[in-house]
Amino acid sequence: MCKLHHMGESTCSQRVRLALAEKELEWESLLVAPTDLRSPLYLALNPAGVVPTLEHGSAIISESRLICEYLEDVVPQKPLLPLMPIERYKVRCWTKLFDDKLHLAIFVLSFMVWMRPRYESMPPDVRQMALPGLKDPVKRRVSEDMLVNGWDSVVVKTALTQMMETICALQDTLSDQRWLGGDHYSLADIDLFCIAQRLDDLGLCSLWDEFAAVADWIDRSRGRKSFKAAFTNWRNDEIISSNRLKAETSADSFLTILATL
């Protein structure tokens, strides 16, 4: 049985939990507290100090993209890649977009709404050790910029611009096909749905108000059994209420920036 070191509200953890659920695999949950990410024990397992990390027998697999591809290789049943090469290419274009741009962009938006107040309250020496990007200097620099400049940080506007461009691209693709790779639910749908769900959690679901095909795709994704296994099961009323309050607090700041796009 697999063991997954993960966090409930981590998009990368959600990504892997969706893949595990779609493949109907049993796995052992090992929840990681934020304070444990820099512990010697966890860093010995994952030197980057991030989640998720998958243990499969003696194999230790990190990075959510590689974990999902590893699962596809070792458990070919219930495939998450289409059979046709051109459809696989389309799926990989979406997953590459997640890794190249959207992962950092959704981190930026999440940091502003959920994380920045917590880091601001830390003593400087504790904050320096705890800030995201232990092995990622770009992510570290982005985090520091948001701490200093807040909503005026240029990276926030850039992230929102990338999200709007992505929603337009999703609408174009989903206007004439059911899933992002064609007729087959795939790793691309997993990746982009995790982005859409986080945008909703941040109070940004209005971004697809005028994009019916995107809204329908989100509804279809939430209707799959894997949604409960990957999302609902890891939330309680306290988390939902906290997320809603933080989204309401940030709403005016988002609207101000969106008005300039």
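Residues numbered from 1 in each chain as written. Predicted model: local features only at pLDDT ≥ 70, side-chain atom pairs only at ≥ 80, totals over all residues. Heavy atoms only, no water.

## Thoughts on the overall build of the protein chain
Heads up, the rule is: Secondary structure elements follow DSSP: runs of H or I no shorter than four residues count as helices, runs of E no shorter than two count as strands, and numbering proceeds from the N terminus. The globule rule used here is 2.2 Å times the number of residues to the 0.38 power, and the radius of gyration it is set against is calculated over C-alpha atoms. Residue exposure ignores everything except the shown protein chains as possible cover, and the areas themselves are Shrake-Rupley values with a 1.4 Å probe. This count recognises Lys and Arg as positive and Asp and Glu as negative, with His and chain-terminal groups excluded. Charge positions come from single atoms, namely NZ of Lys, CZ of Arg, CG of Asp or CD of Glu.
Broken down by element type, the protein chain carries eleven helices and four strands. The C-alpha radius of gyration of the protein chain comes to 18 Å, within 12% of the 18 Å expected for a compact globule of 261 residues. With the C-alpha coordinates of the protein chain rotated into their principal frame, the extents come out at 50 × 45 × 35 Å. Put simply, the protein chain shows about 12800 Å² of open surface, and 56% of that area lies on carbon and sulfur atoms. Charge separation in the protein chain, taken as the distance between the mean sites of 30 positive and 36 negative side-chain charges, equals 3 Å.

## Quick look at the pairing of strand β3 (residues 53–56)
Formally: For two strands to be treated as a pair, DSSP must find at least two bridges joining them.
Across three bridges, strand β1 (residues 2–6) lies against β3 in antiparallel orientation. The residue bridging K3 from the neighbouring strand is E55, located in β3. Here β3 pairs with strand β4 (residues 59–62) via four bridges, running antiparallel. Paired with H56 across the two strands is A59, which belongs to β4.

## Some details on helix α11 (residues 237–258)
Quick note on the threshold: To estimate how far a helix should reach, multiply one less than its number of residues by 1.5 Å. The bend at a residue is defined as the angle formed between two axes, one fitted to the seven residues ending at that residue and one fitted to the seven starting there. Note on exposure labels: buried denotes an accessible area under 20% of the residue type's maximum, exposed denotes more than 50%, and partly exposed covers the range between, all computed with a 1.4 Å probe on protein chains only. Throughout, a contact is declared for two residues whenever any of their heavy atoms are within 4.5 Å.
The terminal C-alpha atoms of α11 lie 30 Å apart, and with 22 residues this matches the ideal 32 Å at 1.5 Å per residue to within 8%. In the structure, α11 departs most strongly from a straight axis at S250, where the bend amounts to approximately 45 degrees. For α11, the complete set of buried residues consists of N243, A247, S250, F254 and I257. Where the residues of α11 are buried, they touch α4 (85–120), α7 (154–174) and α8 (187–201).

## So, the packing of aromatic side chains
For the record, the criterion: Under the pairing criterion, centres of Phe, Tyr and Trp rings, with the six-membered ring standing for Trp, must be within 6.5 Å; the plane angle then separates stacked pairs below 30 degrees from edge-to-face pairs above 60, leaving the rest tilted. Either the NZ atom of lysine or the CZ atom of arginine qualifies as a charge over a ring when it sits within 6 Å of the ring centre and within 35 degrees of the ring normal.
Using the criterion set out here, one finds nine aromatic pairs in the structure. Ring geometry for F107 and F111: centres 5.7 Å apart, planes at 55 degrees, overall tilted. Note that F107 and F111 are positioned in helix α4 at a spacing of four residues, about one turn of the helix. The buried category is assigned to F107, whose relative accessible area is 8%. Classification of F111 as buried rests on a relative accessible area of 0%. Members of the aromatic cluster, joined through ring pairs, are F193, W217, F227 and F231. In this arrangement the basic side chain of R118 is found over the ring face of Y119, its NZ or CZ atom lying 4.8 Å from the centre. Here the basic side chain of K139 rests over the ring of F107, its NZ or CZ set 4.6 Å away from the ring centre.

## Describing the environment of W217
Cut-off, in case you're wondering: For the purposes of these results, a polar contact is taken to be a pair of N or O atoms within 3.5 Å, where, inside protein, one atom must be able to donate a hydrogen and its partner to accept one; residues adjacent in sequence count only when each atom of the pair is a side-chain atom.
Mapped onto the secondary structure, W217 falls in helix α9 (residues 212–222). Sequence separation of W217 and Q177 is 40 residues, and the distance between their C-alpha atoms is 9.8 Å. Non-local contacts of W217, meaning those with residues more than four positions away in its chain, are made with L170, L174, R178, W179, L180, D189, L192, F193 and A196. Within the structure, the side chain of W217 is placed 2.9 Å from the side chain of D189, a separation counted as a polar contact.

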